[in-house]
There are 6 protein chains.
Amino acid sequence: MRHDQRHDNELRSVTITPDFVKHPEGSVLIEFGDTKVICNASIEDRVPPFMRGQGKGWITAEYAMLPRATEQRNIRESSKGKVSGRTMEIQRLIGRSLRSVVDLKQIGERTVWVDCDVIQADGGTRTASITGAFVAVVLAFNQLLQAKTIKKMPVTDFLAAISVGISPEGRELLDLDYKEDSEAAVDMNVVMTGTGEFIEIQGTGEEATFTQNQLHRMLDLANNGLQDLNAIQKTILGEQAGRIGETNKTKEDSP
Amino acid sequence: MRHDQRHDNELRSVTITPDFVKHPEGSVLIEFGDTKVICNASIEDRVPPFMRGQGKGWITAEYAMLPRATEQRNIRESSKGKVSGRTMEIQRLIGRSLRSVVDLKQIGERTVWVDCDVIQADGGTRTASITGAFVAVVLAFNQLLQAKTIKKMPVTDFLAAISVGISPEGRELLDLDYKEDSEAAVDMNVVMTGTGEFIEIQGTGEEATFTQNQLHRMLDLANNGLQDLNAIQKTILGEQAGRIGETNKTKEDSP
Amino acid sequence: MRHDQRHDNELRSVTITPDFVKHPEGSVLIEFGDTKVICNASIEDRVPPFMRGQGKGWITAEYAMLPRATEQRNIRESSKGKVSGRTMEIQRLIGRSLRSVVDLKQIGERTVWVDCDVIQADGGTRTASITGAFVAVVLAFNQLLQAKTIKKMPVTDFLAAISVGISPEGRELLDLDYKEDSEAAVDMNVVMTGTGEFIEIQGTGEEATFTQNQLHRMLDLANNGLQDLNAIQKTILGEQAGRIGETNKTKEDSP
Amino acid sequence: MRHDQRHDNELRSVTITPDFVKHPEGSVLIEFGDTKVICNASIEDRVPPFMRGQGKGWITAEYAMLPRATEQRNIRESSKGKVSGRTMEIQRLIGRSLRSVVDLKQIGERTVWVDCDVIQADGGTRTASITGAFVAVVLAFNQLLQAKTIKKMPVTDFLAAISVGISPEGRELLDLDYKEDSEAAVDMNVVMTGTGEFIEIQGTGEEATFTQNQLHRMLDLANNGLQDLNAIQKTILGEQAGRIGETNKTKEDSP
Amino acid sequence: MRHDQRHDNELRSVTITPDFVKHPEGSVLIEFGDTKVICNASIEDRVPPFMRGQGKGWITAEYAMLPRATEQRNIRESSKGKVSGRTMEIQRLIGRSLRSVVDLKQIGERTVWVDCDVIQADGGTRTASITGAFVAVVLAFNQLLQAKTIKKMPVTDFLAAISVGISPEGRELLDLDYKEDSEAAVDMNVVMTGTGEFIEIQGTGEEATFTQNQLHRMLDLANNGLQDLNAIQKTILGEQAGRIGETNKTKEDSP
Amino acid sequence: MRHDQRHDNELRSVTITPDFVKHPEGSVLIEFGDTKVICNASIEDRVPPFMRGQGKGWITAEYAMLPRATEQRNIRESSKGKVSGRTMEIQRLIGRSLRSVVDLKQIGERTVWVDCDVIQADGGTRTASITGAFVAVVLAFNQLLQAKTIKKMPVTDFLAAISVGISPEGRELLDLDYKEDSEAAVDMNVVMTGTGEFIEIQGTGEEATFTQNQLHRMLDLANNGLQDLNAIQKTILGEQAGRIGETNKTKEDSP
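Residues numbered from 1 in each chain as written. Chains lettered and ligands numbered in written order. Predicted model: local features only at pLDDT ≥ 70, side-chain atom pairs only at ≥ 80, totals over all residues. Heavy atoms only, no water.

(A) Fine view of the pairing of strand S5 (residues 111–120) of chain F. Residue and element names in this part refer to chain F. Of all 10 residues making up S5, 9 are buried, and the element is well covered by its neighbours. Looking at chain direction, strand S3 (residues 35–44) and S5 are connected through 9 bridges and run antiparallel. By the bridge assignment for S5, Ile38 is matched with Asp117. (Buried < 20%, exposed > 50% of the residue type's maximum accessible area, 1.4 Å probe, protein only. Helix = DSSP H or I, 4+ residues; strand = E, 2+ residues; numbered from the N terminus. Pairing = 2+ DSSP bridges.)

(B) Focus on the arrangement of the chains. Spatially, chain A and chain E are disjoint, and the shortest separation between their C-alpha atoms is 11 Å. At no point do chain B and chain F touch; the closest pair of C-alpha atoms across them sits 11 Å apart. (Contact = heavy atoms within 4.5 Å.)

(C) Structural view of the sheet that holds strand S5 (residues 111–120) of chain A. All names here are of chain A. Ordered by their spatial adjacency, 5 strands build an open sheet running S1-S2-S3-S5-S4, and the pairing between neighbours is mixed. Since the sheet does not close on itself, it has two edges, and those belong to strand S1 (14–18) and strand S4 (58–65), each with one partner. Averaged over neighbouring strand pairs, the angle between their axes works out to 20° when direction is ignored. Sheet topology places S4 next to S5; 8 bridges connect them, and they run parallel. Pairing of Ala64 across the sheet is with Asp117, part of S5. Strands in contact with helix H2 (residues 85–99) are S4 and S5; relative to S4, the strand with the most contacts, it is inclined by about 145°. With respect to the sheet, helix H3 (residues 125–146) is in contact with S1, strand S2 (26–32), strand S3 (35–44), S4 and S5, its orientation differing from that of S2 by roughly 155°. (Axes fitted to C-alpha atoms, helices over the stretch in contact; angles between N-to-C directions.)

(D) Geometry of the relation of the copies chain C and chain B. Take chain C, turn it by 180°, move it 0.0 Å along the axis, and it overlays chain B with an RMSD of 0.0 Å. The operation mapping one copy onto its partner corresponds to a two-fold rotation axis. Among all residues of chain C, the minimum C-alpha distance to the rotation axis is found for Gln202(C), at 2.3 Å. When the interface residues of chain C are mapped onto chain B, 100% of them are again interface residues, pointing to one common binding face. (Least-squares fit on C-alpha atoms with pLDDT ≥ 70 in both.)

(E) Up close: the UniProt feature "binding site: phosphate" (unreviewed entry) in chain A. Residues annotated in UniProt with the feature "binding site: phosphate" (unreviewed entry) correspond here to Arg86(A), Gly124(A), Thr125(A) and Arg126(A). For this annotated set, covering 41 residues, all C-alpha atoms fall within 13.5 Å of each other, a compact arrangement in space. With respect to the helices and strands, the residue Arg86(A) is situated in helix H2. The contacts of Arg86(A), once residues within four sequence positions are left out, are Tyr63(A), Met65(A), Thr125(A), Arg126(A) and Arg92(D). Relative to the elements of secondary structure, Thr125(A) occurs in helix H3. Owing to a relative accessible area of 6%, Thr125(A) belongs among the buried residues under this scheme. Here Thr125(A) is in contact with Thr35(A), Val37(A), Tyr63(A), Arg86(A) and Val118(A), once residues within four sequence places are set aside. One polar contact links Thr125(A) to Tyr63(A), side chain to side chain, over a distance of 2.6 Å. (UniProt positions renumbered as here; feature names shortened; annotations may be inferred. Polar contact = N/O pair within 3.5 Å; in protein donor to acceptor, adjacent residues only side chain to side chain.)

(F) A look at the interface of chain C and chain B. Contact with chain C, which involves 36 residues of that partner, is made by 37 residues of chain B. Together, the buried faces of chain C and chain B total about 3,500 Å²; carbon and sulfur atoms form 50% of this surface. At the junction of chain C with chain B, the criterion picks out 2 salt bridges. Among the ionic pairs, Arg92(C) bridges to Glu89(B), the shortest N-O distance being 2.6 Å. Here chain C is connected to chain B by 14 residue pairs in polar contact (both at pLDDT 80 or more). A breakdown of the residues in the side of chain C that touches chain B according to their chemical character gives 9 nonpolar, 14 polar and 13 charged. (Buried area = accessible area lost by both parts, 1.4 Å probe. Salt bridge = Lys/Arg side-chain N within 4 Å of Asp/Glu carboxyl O. Nonpolar A, V, L, I, M, F, W, Y, C, P; charged D, E, K, R; others polar.)

(G) Fine view of the sheet that holds strand S1 (residues 14–18) of chain C. Residue and element names in this part refer to chain C. Read across the open sheet, the 5 strands follow the order S1-S2-S3-S5-S4; overall the sheet is mixed. Each edge of the sheet is formed by a strand with only one pairing partner; in this case those strands are S1 and strand S4 (58–65). Taken pair by pair, the neighbouring strands of this sheet meet at an average axis angle of 20°, ignoring direction. Inspection of the sheet shows S1 paired to strand S2 (residues 26–32) by 5 bridges, in the antiparallel sense. Paired with Thr17 across the two strands is Leu29, which belongs to S2. Strands S4 and strand S5 (111–120) of the sheet are contacted by helix H2 (residues 85–99), whose axis makes an angle of about 145° with S4. Packed onto the sheet, helix H5 (residues 212–237) meets S1 and S2 and runs at close to 25° relative to S1.

Shown next as structure tokens:
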């Protein structure tokens, strides 16, 4: 058993609270155990300069933590005057993942700004962010559908993310909390569609290495966890879940 | 009656949720109507360079809004690489206000970092921040008392803040929400102690001016509202409220 | 008597030298005792992006000190690569104050840039800046009138600013110099129109608090000092003073 | 056949020129086809603040491109005043990879600065950087060994990196050049040790997704390519290659 | 005759006002015609990190213009968040020039900060800055002599700077004003000692070139003008001028 | 004899390798002894905002060193977030020098970006940069001629740069290497045309001064060295050299 009594292949308790903040077009609070992230999706009626005139939209993400989301207080990135490498990696990952399940041609020249703000951190903030952001984006698109600004739900498939890792004793674990993550020999984040295809794999063993077999066992764990996350997303989205996939993803030219 | 059915001298519904985030020494969520601010107080065991060797502590505050706390999304200050003038004014005001009711000699060479993060904004974010931050700071000092790190509650008096203003028709209003604030001819923030003395008055009539009589009526409104806020703070703090004032404020040399 | 032989309600010697620098549309050197500030007003034939297309103008202010305006040399803000919170507060205050006595519609889509550069500091640099900037702005508008670029003097009333405070022994003082300011328990800046209405009040007692009665006595002191400053401004402006008020201030939409 | 006549599982021509720049402790020019990267390793006799007093060393990497390394000229990051997210991701990846095959305890409180500067880019700059940086680091450690500053070669295993991807027609390709990379549906970078264990996998399909089978085929391709790269490294290092692995990697506490 | 009735070899009217600002150890206002620069010299009792422990001092200079020193208002460098290339070149030139006539060993581990702030510009701001800064520095050292902090005047020789140039019609001109400078084909700044040796020559013909003969005629013009400037400096310094040269410059290791 | 066996009036071995990088319109590697600089010239089909609509072109230069081009590793300017004063001086000098031998009207509204990147430094990096950049720019213009985008070679004359200095024993030296440069009493950079006219002279004696006679001897040395550099440039350019001078430089309005 793990330090919090979970089985190796068990997710923490996951909660998604829709409409958490009143202003955004889509907003959720997502909790993976003690990790809590506000995911807000905002629609802007224009695209960044490099996308103009192509008749399609863009999705971009920003990620931040409150200074005291963590055990030790962190200096604000606004005070430092720059965004850290870790933050940039995470926000690029969130944006890339979301864009892979949205048909950008369907949304016209609009930008979806996704803000993931971690108010309490206990490991897995990037996977919670992606999983919650997906729901916020669907809620935002639903507003556009209600307003008849767009005609079809532009989301082509479900999307969720989870972490897996290898413990110091060599056990493969699903959904690591902060304590487990800081002790893990290997740490991997997996982003998948609802139909079980990979969108992104990022695995690293800074102080260790891992074998092909360990890789397979970690991917299996992730696969099962991600199906559970999809089920929770489906419940929260209710009727709106039914419209996911009504558009097929077409291959876009990358910007 | 006002647009939300309040009387001119009526506060919005005020809620303070203690222990909102688990890591900080003191944490509250404060709500003034639809304005919601997370106030976290963190204790650091050293003071900034300009305070070293004086045997006393320091309190400093930072303030930020989530990008979509407002009707329109704002660009993150970390992306802009600098903090706006408005943000700096507010964080300097919060810090100054808190320092005026804390005997910094009692806390030794420690810094209290107060983080006020607005997750939803509807006017009055700076007054809600001060009022909530006061509670978070008392909770944090209580932890130090429990751990016997300090001997006396270093807080010398209660502290709260409220806005008052003059409507376009010339009525004095208490606790303006965003709609009222954006229409107001005159806007004033008042910070007072529990014993009814002023800590800070900031009144401005950018497009208008105001008379001595209007000033008095606004200060009376504020005074009443602030007593109500003190009562709410007292309820939340329970027993800990009783220790406020056990230290008398001594005149400090400013740094 | 005060350390420099003044009565409690006495201004320092005030001098305003018009046309101090040759290039700006309006330029004065203002001296409050040993505090010396160059106030330059520049007219630019366009407004910032957020004001475009509204057919009215804008006034904005910048404030800086020479590094050795003070007893200790300060690091230049250009070397630090950012503007301090104190500087931002002061320049926002100067801009707001000036805008409250100018009918921005009268000046068309033009920006008035007001630069207040302190060449020697001895307390009261922000009040000297506002008082001098007012004269520089009137001189600049007079050039526009002479050139028939505008038809009426767009300044609706006189404007001046002064500091008041409470000494460690509890005496209310007018126009504090640096020594008095650094010892004062309470420090307040008051900005008023020529007709005696408030534009801005900013009072703070960082290490102390103040009562309603003390507030009244300080405001009375300020009121008298400000009338003297208006008289000095009138003398310097000569004929041009007569045109102030020929436009009535109309309520503007704030930007 | 591919557009440059390679087989799907064929590397581009790879050249490593040791001692390319005279000042650094270790220096190579590495070429993967038309991609050319200077990799310099510098030894500094201290560690960053967060590592001090632990008796072990640190390895950090920086990555940059000459403005005209690419078809279109890029603005210098020094002119922009900040480092892009892409650059940060790459330099973090290079540093992490190198640290995983070096026993930091063996090098004492020293920092190895690895600078990878791309002088000509044609796809695969990050994999060439890692592969070349490994050789530069071994050369630098060899200098420390010669000078008897350290006693054992602290490198525990070989290290190389290669890209694999899926072409628009669905073929798995090894070592993509720029043209192939910009058309690829899926792009993956694999970093492995000489003994065939994974150090890092980063696979992304921004506009596409990939299946478990495709993943396996890509990993097999990478595995073969990496063995070839190890062989080239071994030839260049000559005698020094023999000392790799004389230290066993011990599990470090991450910083 | 030139547009302002000067002969080709004639300086503008030059005025130096000592003790212009009260706080600095040395302060002058220098005027070259309509160019007005405040030069303040401040003594700090330590040297920058790269100079520590060498038992000698350092001199560094900063240069800035008020935004409206010029015909068109310039954006403040503090607002832009960085110092321009032109400003850096000028402040490096001023510092280098002053260091060449000061025996840094005589002043111990102290830094002289020289601030040249242009309040009105009409060409020649860098030469006026050097010429004025020299006087301010001597005044500051005189304070150290009076206080017996140092024993000998550490200044080894006089120092002044002047511009020369070639007009569009090919005439060599001394001390160009803004109008002449902006039309000139060639522009040269010459810094010399009181004994007629060169400290610095910077000549440029961006849109033109110049011959050896033209160079000689320009250097002769400069030489004469610089002797006049030395005479003015001598008059202002009075008795203190006599102590210049009591120390002989020794060759320093550059830092 | 000098420490590397050269005569006082002898250049180091100079090599110019054309077409060093494949993407730029013009590219060379230039070597002055152990100093190695990549000079790339890129053509952009527009000019900066301050030049638009004038029907002529612009040339601008950037200069940087790899962190380990020098004996001690330097921090990257992209990491520091700003460009140093030294770098700015050098890039302004390179740009100015090139513009003085190009008829900007002939190239239409295009910008030539010249990037000088030092990969190994041993003194004279700025003179090598100018000398190499000249060749890169001619190569780039030749591409425009081949493509018939422009009709005449817009380069009006040859251009090269060299350093001269005075050794501690008072000998005038040509083309100083790093060791000589760091010991020199006086350091001068001279930029001349192929017809022997000056474009730029920058001479400085930070810790020393120099006489008129020394100046003449240094300029003679430089003159001879520059003729040798022109000959090397001519050889590399081959046929293209013949077209230099087919346009006469016309006096431009400075931007």
